[in-house]
Amino acid sequence: MLRRKRDAPGADGGEEGTVPSPATSSAGSGDPLAPSLEARSLTLAWEGGPDVVRDVSLHVGSGEVVCLVGRSGCGKTTILHALSGLTRPVSGMVLLHGRDVTGTPGHVSYMLQKDLLIPSKRIIDNVCLPLVVGGMSRAEARAKAEPLMERFGLAGTEERWPGELSGGMRQRAAFMRTYLMGNDVVLLDEPFSALDALTRTDMRGWYCRMSAELSLATLAITHDVDEAVSMASRIYVLRGNPSGGVPSTIAREVVVDRPKGASAPEEFALTPAFLEAKREVLSLLGG
Ligand SMILES: Nc1ncnc2c1ncn2[C@@H]1O[C@H](COP(=O)(O)OP(=O)(O)OP(=O)(O)O)[C@@H](O)[C@H]1O
């Protein structure tokens, strides 16, 4: 069942102390009661052009997966760029744990649809890259990453090359590398769209479990309404036509109520509540 609501339900982390924190985690800084990530009244445009999105506000809490859906060209990626600090808004603010980080990059992890693993580096060295770039020796970085390999479903792949792994495993390696960047806020741009349908279903479930366990705050953009409804606790529906001169705005924030016992995305996707949610999001997109 869906309802309009302003408060994030939040979700707390899973098993305590099972996963070491990344080296430079930004979690815990700023206001502990503030959402992990918040956009306040963002208006965005490209290089002095007309507004692409106007007055967009959203928030993501720790352990939550939130999706932003909208038709092609409505401004989803433009919003992620601003949230990651790669671009400055025309007006509005981006807050991380209550701290103003507007226009400053490096505070959130941003993962694209392509895994961007380096083909000439072994998997362990690919995942260790953020630690090595951050100043750790290769041996130190490996020692830190190795205990996490099993947790990320990558045990035994340490010495293999990216080209030897399946799409799902490569994507898990890319997630682990993103995690080791040390940010607790993750922006995902169509993360599973390059995978086949079955792997995509598995990866959605896997990502939801992992992100809850690691208390990550995730904002994912997707065209795929099934993906959004199956993964997200809340969905922001973005609507507008920037190329036709109509800046996009959030048409609605939809809260997805998952029935107890069907919290895994693949199970929830088989319930009437899923269909109801999907219908509502589709009607918002179509209207
Ligand atoms: N680098 C850029 N410079 C100028 N205009 C841009 C740039 N990137 C995107 N735009 C324009 O901004 C608008 C929103 O594009 P954006 O890529 O954010 O949409 P989207 O919802 O992510 O689309 P899609 O789902 O197809 O990826 C479009 O009109 C696009 O042409």
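Residues numbered from 1 in each chain as written. Predicted model: local features only at pLDDT ≥ 70, side-chain atom pairs only at ≥ 80, totals over all residues. Heavy atoms only, no water.

### Observations regarding the site of the ligand
In the region of the ligand, the neighbouring residues are W46, V52, R71, S72, G73, C74, G75, K76, T77, T78 and H223. A distance of 2.7 Å separates an oxygen atom of the ligand from a polar side-chain atom of K76. Note that an oxygen atom of the ligand is positioned 2.8 Å from one of the side-chain N or O atoms of T77. Considered on its own, the ligand offers 630 Å² of accessible surface; in the complex 59% of this is hidden by protein. Among the elements that line the shell around the ligand, the one with the most residues is helix 1 (residues 76-84), at 3 residues. (Near = heavy atom within 4 Å. Polar contact = N/O pair within 3.5 Å; in protein donor to acceptor, adjacent residues only side chain to side chain. Areas by Shrake-Rupley, 256 points an atom, 1.4 Å probe, with all protein chains shown as cover. Helix = DSSP H or I, 4+ residues; strand = E, 2+ residues; numbered from the N terminus.)

### Description of the packing of aromatic side chains
Taken as a whole, this structure holds 6 aromatic pairs when the rule is applied. The interplanar angle of 35° and the centroid separation of 5.8 Å between the aromatic rings of F152 and Y179 together place this pair among those described as tilted. Note that F152 is positioned in the loop between helix 3 (138-149) and helix 4 (167-179) and Y179 in helix 4, a separation of 27 residues in sequence. Comparing F152 with Y179 shows no difference in burial state: the two are buried. (Phe/Tyr/Trp six-rings, centres within 6.5 Å; stacked < 30°, edge-to-face > 60°. Buried < 20%, exposed > 50% of the residue type's maximum accessible area, 1.4 Å probe, protein only.)

### Here we look at helix 5 (residues 197-213)
Between its terminal C-alpha atoms helix 5 stretches 25 Å, which fits the 24 Å expected from 17 residues at 1.5 Å a residue. Along helix 5, the residues classified as buried are T199, M203, R204, G205, W206, Y207, C208, M210 and S211. The inward-facing, buried residues of helix 5 abut strand 4 (65-69), helix 4, strand 8 (185-189), strand 9 (217-222), helix 6 (225-231) and helix 7 (265-268). Measuring from the side-chain oxygen of the N-cap residue of helix 5 to the backbone nitrogen of L198 gives 3.2 Å; that N-cap residue is D196. A positive backbone phi angle near 55° is found at S215, which sits one or two residues after helix 5. (Expected span 1.5 Å × (residues − 1). Contact = heavy atoms within 4.5 Å.)

### Here's the deal with the pairing of strand 8
Regular strands show a simple pattern: their side chains alternate between the two faces of the sheet. In terms of burial, strand 8 is largely enclosed, as 5 of its 5 residues are buried. Residues V185, L187 and D189 line one face of strand 8 and the alternating positions V186 and L188 line the opposite face, and both faces are buried. By the bridge criterion, 3 bridges tie strand 7 (residues 109-111) to strand 8 in an arrangement that is parallel. Within strand 8, the residue paired with Y110 across the bridge is L187. Where strand 8 lies against strand 9, 5 bridges are found, and the strand directions are parallel. Counted as the bridge partner of L187 is L219 from strand 9. Read as a crossover between parallel neighbours, the route from strand 8 over helix 5 to strand 9 is right-handed. (Pairing = 2+ DSSP bridges. Right-handed = clockwise from strand over helix to strand, strands pointing away.)

### Regarding the pattern of salt bridges
Side chains that differ in sign of charge can pair as their charged atoms come close. Counting across every chain of the model gives 14 salt bridges. In this structure, the salt-bridge partner of E64 is R234, at a minimum N-O distance of 2.8 Å. Note that E64 is positioned in the loop between strand 3 (51-60) and strand 4 and R234 in strand 10 (residues 234-241), a separation of 170 residues in sequence. The same class applies to E64 and to R234, which are both buried. Connected through salt bridges with shared partners, the residues R122, D125, R138, R142 and E159 form a single ionic network. (Salt bridge = Lys/Arg side-chain N within 4 Å of Asp/Glu carboxyl O.)

### Considering helix 3
Over its 12 residues, helix 3 runs 16 Å from end to end, which matches the ideal 16 Å to within 8%, given 1.5 Å per residue. Residues of helix 3 that are buried in the fold lie against helix 2 (123-133) and helix 4.

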